[in-house]
Amino acid sequence: MGRLIINVAMTVNGAFEAPAPQPQGWLVTDPDSMQAGLEMWQAADAMVLGRKTFEGLSTAWPQLADVPGFEAYAARMNGMPKYVASRSLTGPLEWNATLIDGDLAESVRRLKDEHDGNLIAPSAGELTRDLIAHDLVDELWFNVSPYLWATGPRIFDDLGPVRLELVNTTTFPSGVVRLCYRPTPAAG
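Residues numbered from 1 in each chain as written. Predicted model: local features only at pLDDT ≥ 70, side-chain atom pairs only at ≥ 80, totals over all residues. Heavy atoms only, no water.

### As for the layout of surface pockets
Reasoning step 1: Put simply, the largest pocket is a space of about 1800 Å³.
Reasoning step 2: Contributing to the lining of the largest pocket are 50 residues, with Pro19, Thr53, Leu57, Pro122 and Ser123 lying nearest its centre.
Reasoning step 3: Contributions of two or more residues to the lining of the largest pocket are made by strand 1 (3-11), helix 1 (31-43), helix 2 (51-60), helix 3 (71-79), helix 5 (126-133) and strand 6 (139-145).
Reasoning step 4: For the second largest pocket, the calculated volume is near 190 Å³.
Reasoning step 5: Asp135, Val162, Arg163, Pro183 and Thr184 are, among the 13 residues lining the second largest pocket, the residues nearest its centre.
Reasoning step 6: A per-class count over the lining of the second largest pocket returns ten nonpolar, one polar and two charged. (1 Å grid on protein atoms, 1.4 Å probe; cavity = no way out; pocket = protein on both sides within 12 Å on 5 of 7 lines; lining within 4 Å. Points joined across faces, edges and corners; volume = space filled by probe spheres on them. Helix = DSSP H or I, 4+ residues; strand = E, 2+ residues; numbered from the N terminus. Nonpolar A, V, L, I, M, F, W, Y, C, P; charged D, E, K, R; others polar.)

Here it is as structure tokens:
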């Protein structure tokens, strides 16, 4: 059975939208964190995306295929299967993507049954909140850039309490910290 992992780049104070590299934005990278990210994607079976994330990534990643330093990343991102949850898109989709049909929770459970590896959801938007609310998330990986950022929405502002268990931390030379958590069952 596959595992569903939410993967989010964010600032210390929870800004997550439109991560742009320095100096224009808050996204901090270094060779070690880039390698860890590439290894995560290489080990993944597929992506699970909401419409907004799909539209943004499907525009960006094909353009990066020939950019020095991004070739391996782009090859993996462009080639892997993607499952897109949307109420407004219609199929067929491009960029090796399939529209999720029917009930989201049932469809994602079926995807987890069909895959043995990781399904990565790179987002913190509506889809992520729905996946957490339906108890479909196996782990949450936060890549925290060492910035306080004044603009943009904050991660999970409207999500109720969810208790998390720390699984792993990795600190990179740039100050980026990857925090890996697992949701814990609600106390009963």
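### Some points on the packing of helix 1 against helix 3
Reasoning step 1: Relative to each other, helix 1 and helix 3 sit at 25°, their axes nearing to 10 Å. Accordingly, the angle class assigned to the pair helix 1 and helix 3 is roughly parallel. In the crossing of helix 1 with helix 3, the sense of the turn from one axis to the other is left-handed. Packed against helix 1, whose contacting residues are Met34, Gly37, Leu38, Trp41 and Gln42, the element helix 3 presents Ala72, Tyr73, Arg76 and Met77 at the interface. (Axes fitted to C-alpha atoms, helices over the stretch in contact; angles between N-to-C directions. Parallel < 35°, antiparallel > 145°, perpendicular 65-115°, else oblique. Left-handed = near helix turned anticlockwise from the far one by under 90°. Contact = heavy atoms within 4.5 Å.)

### Comments concerning the confidence of the model for the protein
Reasoning step 1: Summary statistics for the protein give a mean pLDDT of 92 and a share of 97% for residues scoring 70 or more.
Reasoning step 2: At the level of individual helices and strands, the protein shows its lowest average pLDDT in helix 5, which scores 92, and its highest in strand 5 (residues 118-121), which scores 98. (pLDDT = per-residue confidence, 0-100.)

### Comments concerning the pattern of salt bridges
Reasoning step 1: Going through the model one piece at a time under the given rule, you end up with seven salt bridges.
Reasoning step 2: Measuring nitrogen to oxygen at the nearest pair gives 2.8 Å for the salt bridge that ties arginine 3 to glutamate 139. Of the two residues, arginine 3 sits in strand 1 while glutamate 139 sits in strand 6, which places them 136 residues apart along the sequence.
Reasoning step 3: A residue is classified by how much of its surface remains accessible, and arginine 3, at 31% relative accessible area, is partly exposed.
Reasoning step 4: Owing to a relative accessible area of 6%, glutamate 139 belongs among the buried residues under this scheme.
Reasoning step 5: Glutamate 165 is the partner of arginine 182 in a salt bridge, and the nearest nitrogen-oxygen pair spans 4.0 Å. Here glutamate 165 lies in strand 7 (residues 164-171) and arginine 182 lies in strand 8 (residues 177-183), a separation of 17 residues in the sequence.
Reasoning step 6: Take glutamate 165: its relative accessible area is 38%, and that puts it in the partly exposed class.
Reasoning step 7: Overlapping salt bridges, with partners in common, bring together Arg3, Glu139, Glu165 and Arg182 in one network. (Salt bridge = Lys/Arg side-chain N within 4 Å of Asp/Glu carboxyl O. Buried < 20%, exposed > 50% of the residue type's maximum accessible area, 1.4 Å probe, protein only.)

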